[in-house]
Amino acid sequence: MARSSERFDVFLSYAREDEKQARALELGLQRLARPWYRVQALHVFRDRTHMVAGGSLDAELLERLERSSWLVLLASPDAVSSEWVPLELQWWYDHHRRRDGEIERLIIVRTDGEFRAGPTGIDWSATTCLPEVLRDALPSTPIWAELPRPLLAQHDVQRAVDAALRRRRSTERDDADVLRDALLDVAAPVHDVPRPQMEGVHRRRRRTTWATVAGAALLVVALLLTVVVVAGRADEQRRATAAAGLLQQAASLRAGDPRTALALGAAADALHSSPATRAGLVTTMTASPYRGQASGEALAFAPDRPIAATVDGGVTILWDVSLPGPARRLGATTPDTRHDAVNVTFAPVGPLLAITTATGSVELVDLTRPAGAVPLGRTPDIREPSSAPVPVAFTPDGRGVVLVPEGGSPVIWHVDGDTLRADPALPGPPTATPPLPAPFASIAVSSGGLLALADGPAVALWDLPTRRRLPGIPARGGDDVSALALSPRGLLAVSGSSGTTLWDLHAPATPQPLSDMDAEDGVVTAVALSRDGTTMVAGSVNGSTRVWDLHRPRSPTPVGPLNRGRTEAVRTVAISADGAIVASSGDDRRSLLWNARDPALPVATSPPVLGNDIGADTGEQFQRTPDLAADSDGTTTAVSDTAGVVSLVDVTARTPPRPVPVDQTAIDLAITPDGRQLAVAGDTDIAVWDTTRLTVAPMRTGEQGVPEVGAPAAVAISRDGRLLAAAFDNGDAQLFDIVTGRPVGPPITGRDVAVVGFVPDGRTLVLGSYTGETSLYDVDPRGRTTPADAPLPGPPEFRNAVDAVAFSPDSATLATVSQNGTAVVWDVRDRDRPTVVGVPLGATAGTELTDVTFSRDGTLLLTLGSDSTIRVLDVTDLGTPVPIGQPVAVTALGPGALTALADGDTVIAGGGPGGLALIDLRPMLDLRDSARERACAISGGGLSRAEWARYLPDVDYLDSCHE
């Protein structure tokens, strides 16, 4: 948070799409040409760094602008259409304008869009990146820099800035040079240094800083070395112990209090950053779809903007919900009434907001400009003050509200200029008035003008265009309707103590029930439907919310776990216009925000399934375990299904599978990295196929010149595609030249081999035995093998037949899966002294592990269980593998296998009757790399001092998010 007297050298004005570019400029300008005696070279204002959630955005920005010396505009089409960038530019122009009308102290950094300069100045007809406010304000030669978005798209911002500031210019211009030039272009005028001299100033100050630091360090290092080492180790141990305790507390709070769980995880990572703390944060963030909160006991979303309105202590507040994390307060919109607000409702179209007051009146507010809300009028008071809301809904055109007085029939109030005009009450007997407190969601209007109103245990219906009352929906039990919601297309959700019923109102005169959803956590107190009717959220009396997928309204399915986070009853629920955010609010004056979509998003499957025509369920009692083999990019993937039938498929293009006309049942598969040759181990011999023409290549065991060695059990192909390794049912292994089909060297005997594999370095063969041993063999360029050392026995209690082996891409780590369903991880960096790391890994009770594979960087180990669930472990610290993220259920695929593509960030799973799925690891890897930053954004800044004292009373306070 900025102090009241704090001044800034630079104010960054940018659209949310340029978050990375703004962060790079902030970090770079703070460090570029920094004198050794200063913490920062320039003091830079960026809203994400200096603004506090819950503050008044317009007032705070005005203060920061007034105390800034330069304005840096990140120019792009998104900045042009932004709500705040033009306002910031207009303020700057009004306060920093020369007599000739040109704007002063403005630097433009183009990130996207077009800029065209003509003979007389800027060609505004072809320029798309500059706001209109600058049309007549720019000098003839504005200060300009280039920082295109693609430059940072694939880079971590911190590392990119490090590279730009530390490296000298390379012979060929690269991304670091572009970023450094942008920083120099911006920094030079702010430092008042000519641009050609700016880089020299940076280099000299950098050398001076290092020399000063080095000299000072040499003076004290001898005196402090011993003390520092001892104290440092003790402090490190204390921090590690405290961090471990925080991780345990965070794990216990994930379901009930995700915000505190994230703040505790961030504190643990700040105290003692480790793979375990980062994995814990990722697991917390993927365990719950929680994305932040706003203050308020009632909430509604705008229909066309990422804006929400809440009621907090009788005051209506607007919030920006465009980014993950706490909603950002835009300002208060208090109605001009004598009493407090109790509820808010947005019009389905247009800029109007209805604010219901304690006395039953409704204030209509025009939010065309959220920073300057305009009251339009207020209906009369109709009761004594009460916290229970009067049922209110907008008409389909957004220019009128339907108001239901207690004990009366609905009345429509229309906006007529700057006043409100009431129509006569709708016909029909008055509806039953539910006992106080009345439900917040007891009225709804569809886009076609169908009005639904809770009427005791029934639902009353009106057709607004004709003002005709319809038969309605009769009671389906003795309990009153506690909440209802109506989608624009006529899907009605009616909730009560037993749950929620979906009704089809396409024929309003004859409503038809579609399905029932039981109440899982007490009486349903609030319900909402998305605009397209495909998502429903229900809140309960016990504080939980549940999201439902309604794509098949006759068989709704729950999405993710119950969302908790409060113990009080839910008063309102809402779904954002794009269906991406779900909100719940309650009497604790908190509105919790959740992601409505896949809560395990960081490990997503895409595409979901590649068709049921891959693999077949034969129905036989004995079925073979499916197998997979893929080339380097997945364009040629071989699958053997539970019946042993082999197919080829391009998983990247989702092409139909091509059957391979094998004349025997496939047991194991291997494919060359280029995808041109496929080795099929059948129940009688091994055949190598040309995958393009689907013809058998020269090699085939059992033919002339190839020794009879029994039926094959497993095959593998070296990374260079020259050698094929095979295991046979007599326990021997043999290498073959895949081009000539001839054996290479003598067979390997006496190892009782069950599975074979090649280490990625291409120089080592790994053999897994039926007795649980794993053997490594050095392979020379001619294919001759030499045992690397004695076999790896594995822990005594886990010596079962080895079913699968996998190596990390750097060849340093080996994972083996045994028939007892456990996996053992080995550190094989020293081939003469391989060691087991951690403890043997299992799946869950009643399941077994069937396959393993590694991510590209070797820090993630994926296991596939017999329950068709993929689990991920972080093995960055080999000594302590830790679970990360959430299990990925691929049960629709049936039993199957795992294989990683060459990029290591994509894994193929399946092979059974359900087909194949691609597992993209990049979201998880990205989330892990920025775990604390993301956790801080979502939790709203980490633990407060009071929370720190509660959880860490014996540790000095540390600002986890701004250290």
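Thresholds applied
Residues numbered from 1 in each chain as written. Predicted model: local features only at pLDDT ≥ 70, side-chain atom pairs only at ≥ 80, totals over all residues. Heavy atoms only, no water. Helix = DSSP H or I, 4+ residues; strand = E, 2+ residues; numbered from the N terminus. Areas by Shrake-Rupley, 256 points an atom, 1.4 Å probe, with all protein chains shown as cover. Buried < 20%, exposed > 50% of the residue type's maximum accessible area, 1.4 Å probe, protein only. Pairing = 2+ DSSP bridges. Expected span 1.5 Å × (residues − 1). Arc of directions from axis to C-beta. Contact = heavy atoms within 4.5 Å. Salt bridge = Lys/Arg side-chain N within 4 Å of Asp/Glu carboxyl O. Core = buried A, V, L, I, M, F, W, Y, C linked by side-chain atoms within 4.5 Å. Phe/Tyr/Trp six-rings, centres within 6.5 Å; stacked < 30°, edge-to-face > 60°. Axes fitted to C-alpha atoms, helices over the stretch in contact; angles between N-to-C directions. Parallel < 35°, antiparallel > 145°, perpendicular 65-115°, else oblique. Left-handed = near helix turned anticlockwise from the far one by under 90°. 1 Å grid on protein atoms, 1.4 Å probe; cavity = no way out; pocket = protein on both sides within 12 Å on 5 of 7 lines; lining within 4 Å. Points joined across faces, edges and corners; volume = space filled by probe spheres on them. Nonpolar A, V, L, I, M, F, W, Y, C, P; charged D, E, K, R; others polar. pLDDT = per-residue confidence, 0-100.

Some details on the overall build of the protein chain
Okay, so step 1: Counting its secondary structure elements, the protein chain contains 14 helices and 64 strands.
Okay, so step 2: Within the structure as shown, the protein chain displays about 40900 Å² of accessible surface, and the carbon and sulfur contribution to it stands at 51%.

Brief notes about the pairing of strand β41 (residues 666–671)
Okay, so step 1: Within β41, five of the six residues are buried, which leaves it mostly tucked inside the rest of the structure.
Okay, so step 2: Joining the antiparallel neighbours β41 and strand β42 (residues 677–682) is a turn of five residues, in which Gly675 adopts a positive phi near 75 degrees.

A few points about helix α1 (residues 19–31)
Okay, so step 1: Under the 1.5 Å per step criterion, the end-to-end length of α1 is 19 Å for 13 residues, consistent within 8% with the ideal 18 Å.
Okay, so step 2: Inspection of α1 places Gln21, Ala22, Ala24, Leu25, Glu26, Leu27, Gly28, Leu29 and Gln30 among the buried residues, and these make up the whole buried set.
Okay, so step 3: Positioned one or two residues after α1, Ala33 has a phi angle of 60 degrees, which is positive.

As for helix α12 (residues 922–929)
Okay, so step 1: What α12 keeps buried is the set Met924, Leu925, Leu927 and Arg928. Projected down its long axis, α12 shows its buried positions confined to an angular sector of 165 degrees, all on one face. Summarising the geometry of α12, the exposed residues directed more than 90 degrees from the buried face are Asp926 and Asp929.
Okay, so step 2: Close packing links the buried residues of α12 with α11 (275–287), β58 (860–865), β59 (869–874) and α13 (931–939).

A word on the pattern of salt bridges
Okay, so step 1: As enumerated under the stated definition, the model contains 38 salt bridges in all.
Okay, so step 2: Note that Glu26 is salt-bridged to Arg23, the shortest N-O span being 3.0 Å. A residue pair is termed a helical-turn pair when its members lie 3 or 4 positions apart in one helix, as Glu26 and Arg23 do in helix α1 at three residues.
Okay, so step 3: Since its relative accessible area comes to 27%, Arg23 is described here as partly exposed.

Regarding the nonpolar core
Okay, so step 1: Within the largest apolar cluster, 40 residues are counted, with the highest numbers of intra-cluster contacts made by Leu73, Ile103, Leu106, Leu130, Leu134 and Leu353.
Okay, so step 2: Broken down by element, this core gets its largest block of residues, five residues, from helix α5 (residues 85–95).
Okay, so step 3: Leu29, Ala182, Val190 and Met198 belong to the second largest nonpolar core, which has 38 residues in total.

Describing the packing of aromatic side chains
The geometry of an aromatic ring pair is captured by the separation of the ring centres together with the interplanar angle, meaning the angle of the planes.
Okay, so step 1: In this structure the tally under the stated criterion is six aromatic pairs.
Okay, so step 2: On the basis of an interplanar angle of 35 degrees and a centroid distance of 4.3 Å, the ring pair of Phe115 and Trp144 is categorised as tilted. On the criterion of sequence distance, the pair formed by Phe115 in the loop between β4 (106–110) and β5 (117–118) and Trp144 in strand β7 (residues 143–146) is long-range, its members being 29 residues apart.
Okay, so step 3: When the ring of Tyr290 is compared with that of Trp594, the centres are 5.6 Å apart and the planes differ by 75 degrees; the resulting orientation is edge-to-face. Linking Tyr290 in strand β8 (residues 290–295) with Trp594 in strand β35 (residues 590–595), this pair joins segments that are 304 residues apart in sequence.
Okay, so step 4: For Tyr290, a relative accessible area of 5% puts it in the buried group.

A closer look at the packing of α11 against α12
Okay, so step 1: For the pair α11 and α12, interaxial distance at closest approach is 9 Å and the crossing angle is 120 degrees. When the interaxial angle is binned, α11 and α12 end up oblique. Handedness of the α11/α12 crossing: right-handed. Across the interface between the two elements, Arg278, Val282, Met285 and Thr286 of α11 pack against Met924, Leu927 and Arg928 of α12.

Some points on the sheet that holds strand β14 (residues 352–357)
Okay, so step 1: In spatial order, the strands read β13-β14-β15-β16; together these four strands make up an open sheet with antiparallel pairing. Edge positions in the sheet fall to β13 (341–346) and β16 (374–378), since each has one partner strand and no second. With direction set aside, neighbouring strand axes in the sheet form an average angle of 25 degrees.
Okay, so step 2: Note: strand β15 (residues 362–366) against β16, four bridges, orientation antiparallel. Within β16, the position partnered with Asp366 by the bridge is Val374.

A look at unusual backbone geometry
Residues other than glycine predominantly adopt negative phi, and peptide bonds predominantly adopt the trans conformation.
Okay, so step 1: Notably, Arg105 is not glycine yet its phi reads approximately 55 degrees, a positive angle.
Okay, so step 2: Inspection of the secondary structure assignment puts Arg105 in the loop between α5 and β4.
Okay, so step 3: With a phi angle near 65 degrees, Ser811 is a residue other than glycine that sits in the positive phi range.
Okay, so step 4: Note that Ser811 resides in the loop between β53 (802–807) and β54 (813–818).
Okay, so step 5: The exposure class assigned to Ser811 is buried, which follows from its relative accessible area of 6%.

Some details on empty space enclosed by the protein
Okay, so step 1: All chains considered together, the criterion is met by seven cavities of 30 Å³ or more.
Okay, so step 2: Looking at the second largest cavity, its volume works out to about 130 Å³.
Okay, so step 3: Among the elements of the structure, β28 (512–518), β30 (535–540) and β31 (545–549) are those that each provide at least two residues to the lining of the second largest cavity.
Okay, so step 4: With four residues, β30 is the largest single contributor of residues to the lining of the second largest cavity.
Okay, so step 5: Taken together, the residues that form the lining of the second largest cavity break down as seven nonpolar, six polar and four charged.

Concerning the packing of helix α10 (residues 258–271) against α13
Okay, so step 1: At their nearest, the axes of α10 and α13 sit 9 Å apart, and the two run at 145 degrees to each other. Between α10 and α13 the crossing geometry is left-handed. On the side of α10, the interface is formed by Arg259, Leu262, Ala263, Ala266, Asp269 and Ala270, while α13 contributes Arg932, Ala935, Cys936, Ile938 and Ser939.
Okay, so step 2: In the contact of α10 with α13, the residues fall into seven nonpolar, one polar and three charged.

What about the sheet that holds strand β46 (residues 723–728)?
Okay, so step 1: Across the sheet, four strands lie side by side as β45-β46-β47-β48; this open sheet has antiparallel pairing. Two strands close off the open sheet at either side, each with one partner strand: β45 (712–717) and β48 (743–748). Recorded for the sheet is a direction-independent mean angle of 15 degrees between the axes of neighbouring strands.
Okay, so step 2: For strand β47 (residues 733–737) and β48, the ladder comprises three bridges, and the chain directions are antiparallel. Counterpart to Ala733 in the pairing with β48 is Ile748.

Concerning the confidence of the model for the protein chain
Okay, so step 1: When the pLDDT values of the protein chain are averaged, the result is 81; 85% of them are 70 or greater.
Okay, so step 2: Per-residue pLDDT stays below 50 along residues 599–623; that stretch engages in 62 contacts with residues further than four places along the chain or on separate chains.

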